[in-house]
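Spelled out from the first residue to the last, the chains are:
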Amino acid sequence: MCWMIMDTADMSGSESTGIEVILKEGEFGNNPFCPHGPTMLFVKMSKGEQQGRAFYACSACRDRKDCNFFQWEDEKISKDRLLAREEENKAKQPPFTHSDYCSRYLQFISLPLEQKRFCQDCQLLLLPEDWAKHTTHNILPDITTSQLRRPSQLLCPLENKKTNAQYLFADRSCHFLLNLFAALGFRKVLCVGTPRLHELIKIRNMCGDNQIIKSLLLDIDFRYSQFYTEDEFCHYNMFNHHFFNGKAAEDVFNSFLSEGDGAKVVMVADPPFGGLVKPLAYSFALISSKWKTLQPPDKRSQEMPMFWIFPYFFESRILECFPTFSMLDYQVDYDNHPLYKHGKTGRRQSPVRMFTNLCPKLMALPAEEGYRFCSLCQRYVSSENKHCLTCNACTSKDGRSWKHCSLCNKCVKPSWVHCTICNQCALKDHPCGKLTVGCFICKGADHKRRACPKAFSSKDTRLGKQAAGKKAKVGAEKDVPCKQTAGEKRAAGIRLKKRRKKKRKIA
Ligand SMILES: C[S@@+](CC[C@H](N)C(=O)[O-])C[C@H]1O[C@@H](n2cnc3c(N)ncnc32)[C@H](O)[C@@H]1O
Ligand SMILES: [Zn+2]
Ligand SMILES: [Zn+2]
Ligand SMILES: [Zn+2]
Ligand SMILES: [Zn+2]
Ligand SMILES: [Zn+2]
Ligand SMILES: [Zn+2]
């Protein structure tokens, strides 16, 4: 069973050929392993047809400098090479096991303050026996208990944009999320790539009268192993649902998902923005189906409550995978992202939103930040998002007021004008006559290539079928303009250039 997946390299809407991912249901584990777990199968696509040999490459790292695994799908690998690869994979694992990190932590907290040191170069809490090895390194002395409670502030964010892009929530967004989950009655939060939220939950639990909320962090950043026990953190890859510590970690995950103790679980994921949507969706669907199997039989038809934090211009792709999701207007902002800050004018508003399968009318957005309830849409919207009576919706996606174009029969960005040559709205200085209308793969006029049914095989996986089912609905009800602002285009352009470079390297 094949589920063909388009690579984000095609975000710009260019007609270039794309490298796509093939997910074979249930077969991840049979793919060769790189240091980041099972690799993914990629193939070069041109006009909807497979071109050339398929190959395996790393699921997590989009930069070959981070992981240079490469193997043709039909390549025979000698025993010696397999052994060498296994050795290499082992050598690339963290310097300590998680249980070693835990015993080091216990030793560390029993040290007097003047002996509590953190090596900034090695990103490691040091024990006295380590000191000699770090004499020439940058050492942060006198690590306090409150610093230990905020590892996301102590560790320097991994800023490798392609692979980790560790953008940390600003306090405003982190508190909003936590208060929302608490108000909705959740008592367990599965934090997928949200270390800052995880630490805030733990801090909140220490403040007396709050209901205790449990949190389990799943993240690829193993540095967190030195601060959290094996019940609080799993070293995890969200692109292939791989637990680095194998069965022991999966058992922790399974018991966290079980609601036998009456504590309701919610999942929140904030993946790196350059990540491929469909492998992520595939992992989240696996998490959700695991949650279902742990529910009592009469509740198995319910969906696991999920929040996926991602830029708004991925809306149609996320909805293809999860038709029951909707996008909230809330703008998520980050401390260390120069562009994704809240409340600035124009493009400096954060494009990052929350997608959830919970009922939008229950997601109360803060009135003090200008969000209001639209009784017609039955959801909270941002202050500038005006209800269009023709579209019968609050149509803005980016926080600015959009305007209705009667020729396009939809609302468009305020900076767009209707072009009679292209027969659609676009920026004033668009490359006239060159806008792509409809689908590049099958030439159909009613959808874009990413929603093309031909991009899926006839034997779709469950998610693939859902995607096909949603397509018509998306087209009819939520025609999401896929054009981007100049800022987004620039960002996508930079990504595209880098990807082209990578593709050249691969070829
Ligand atoms: C955009 S940041 C989100 C951080 C979040 N806003 C916070 O403040 O807690 C992405 C997070 O995903 C993690 N991450 C990146 N690639 C990952 C992967 N393949 N699997 C799991 N986690 C990953 C990063 O380490 C980082 O914590
Ligand atoms: Zn890898
Ligand atoms: Zn060091
Ligand atoms: Zn409305
Ligand atoms: Zn409208
Ligand atoms: Zn128009
Ligand atoms: Zn034009």
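Quick caveat, the model's predicted, so the values are computed rather than measured.

### Let's talk about the overall build of the protein chain
Working step 1: Helix and strand content of the protein chain: 11 helices and 26 strands.
Working step 2: Looking at the protein chain as a whole, 38% of its 507 residues are labelled buried.
Working step 3: Within the protein chain, residue pairs in contact and separated by at least 24 positions form 53% of the contacts whose partners lie at least 6 positions apart.

### Describing unusual backbone geometry
Working step 1: Backbone geometry places His 241, a non-glycine residue, at a positive phi of 50°.
Working step 2: Position of His 241 relative to the elements: it lies in the loop between strand E13 (233–237) and strand E14 (242–243).
Working step 3: Phi is positive for Asn 409, which is not a glycine, with a value near 60°.
Working step 4: For Asn 409, a count of 10 C-beta atoms within 10 Å corresponds to the exposed category.

### Some details on the site of ligand 1
Working step 1: Taken together, 23 residues surround ligand 1, and among them Ala 60, Leu 168, Gly 193, Arg 196 and Ile 220 come closest.
Working step 2: Elements represented by at least two residues in the shell around ligand 1 include exactly helix H6 (195–206) and E13.
Working step 3: The residue inventory of the shell around ligand 1, partitioned by class, reads 14 nonpolar, five polar and four charged.

### What to know about the sheet that holds strand E8 (residues 117–119)
Working step 1: Taking strand neighbours across the sheet as the criterion, the three strands line up as E9-E8-E10 in an open arrangement whose pairing is antiparallel. Of all strands in the sheet, those with a lone pairing partner are strand E9 (124–126) and strand E10 (139–140), marking the two edges.
Working step 2: Both E8 and E9 contribute to a ladder of three bridges, which runs antiparallel. The residue of E9 that forms the bridge with Arg 117 is Leu 126.

### Quick look at H6
Working step 1: Taking 1.5 Å of rise per residue, 12 residues should cover 16 Å, and H6 covers 17 Å from first to last C-alpha, within 8% of that figure.
Working step 2: Residues of H6 that are buried include every one of Pro 195, Arg 196, Leu 197, His 198, Glu 199, Leu 200 and Ile 201, and no others.

### Examining the nonpolar core
Working step 1: Counting residues in each nonpolar core, the largest one holds 87 residues, and the members touching the most others are Met 267, Val 268 and Ile 318.
Working step 2: Top contributing element to this core by residue count: helix H8 (residues 277–293), with eight residues.
Working step 3: Two domains each donate at least three residues to this core, and these are domain 1 (18–92) and domain 3 (159–383).
Working step 4: The next biggest cluster of nonpolar side chains, apart from the first, holds five residues, and it includes Phe 118, Leu 124, Leu 125 and Leu 126.

### Section: the packing of helix H5 (residues 171–183) against H6
Working step 1: Where H5 meets H6, the closest approach of the two axes is 10 Å, and the angle between their N-to-C directions is 60°. Relative to H6, the element H5 lies oblique. Two packed elements cross with a definite hand, and for H5 against H6 that hand is right-handed. Within the contact between the two elements, H5 uses Cys 174, Leu 177 and Leu 178 and H6 uses Arg 196, Leu 197, Leu 200, Ile 201 and Arg 204.
Working step 2: Of the residues contributing to the contact of H5 with H6, the split by class is six nonpolar, no polar and two charged.

### Here we look at helix H7 (residues 246–257)
Given 3.6 residues per turn, any residue in an α-helix points the same way as the ones three and four places further on.
Working step 1: In this model, H7 (12 residues) spans 17 Å end to end at C-alpha, consistent with the 16 Å of a helix rising 1.5 Å per residue.
Working step 2: All of the buried residues in H7 are Val 252, Phe 256 and Leu 257. Considered in projection along H7, the buried side chains sweep an arc of 130° and stay on one side of the axis.
Working step 3: Looking at the buried residues of H7, the elements they touch are strand E11 (188–192), strand E12 (214–219), E13, strand E15 (265–269) and H8.

### Considerations on the environment of Pro 157
Working step 1: Mapped onto the elements of the fold, Pro 157 is located in the loop between helix H4 (151–154) and H5.
Working step 2: Excluding residues within four positions of it along the chain, Pro 157 makes contact with Gln 166, Leu 168 and Asn 336.

The rules behind the values
- Residues numbered from 1 in each chain as written.
- Chains lettered and ligands numbered in written order.
- Predicted model: local features only at pLDDT ≥ 70, side-chain atom pairs only at ≥ 80, totals over all residues.
- Helix = DSSP H or I, 4+ residues; strand = E, 2+ residues; numbered from the N terminus.
- Buried ≥ 20, exposed ≤ 12 C-beta atoms within 10 Å, placed from the backbone.
- Contact = placed C-beta atoms within 7 Å.
- Near = placed C-beta within 6 Å.
- Nonpolar A, V, L, I, M, F, W, Y, C, P; charged D, E, K, R; others polar.
- Pairing = 2+ DSSP bridges.
- Expected span 1.5 Å × (residues − 1).
- Core = buried A, V, L, I, M, F, W, Y, C linked by C-beta atoms within 7 Å.
- Domains from an automatic or database assignment.
- Axes fitted to C-alpha atoms, helices over the stretch in contact; angles between N-to-C directions.
- Parallel < 35°, antiparallel > 145°, perpendicular 65-115°, else oblique.
- Left-handed = near helix turned anticlockwise from the far one by under 90°.
- Arc of directions from axis to C-beta.

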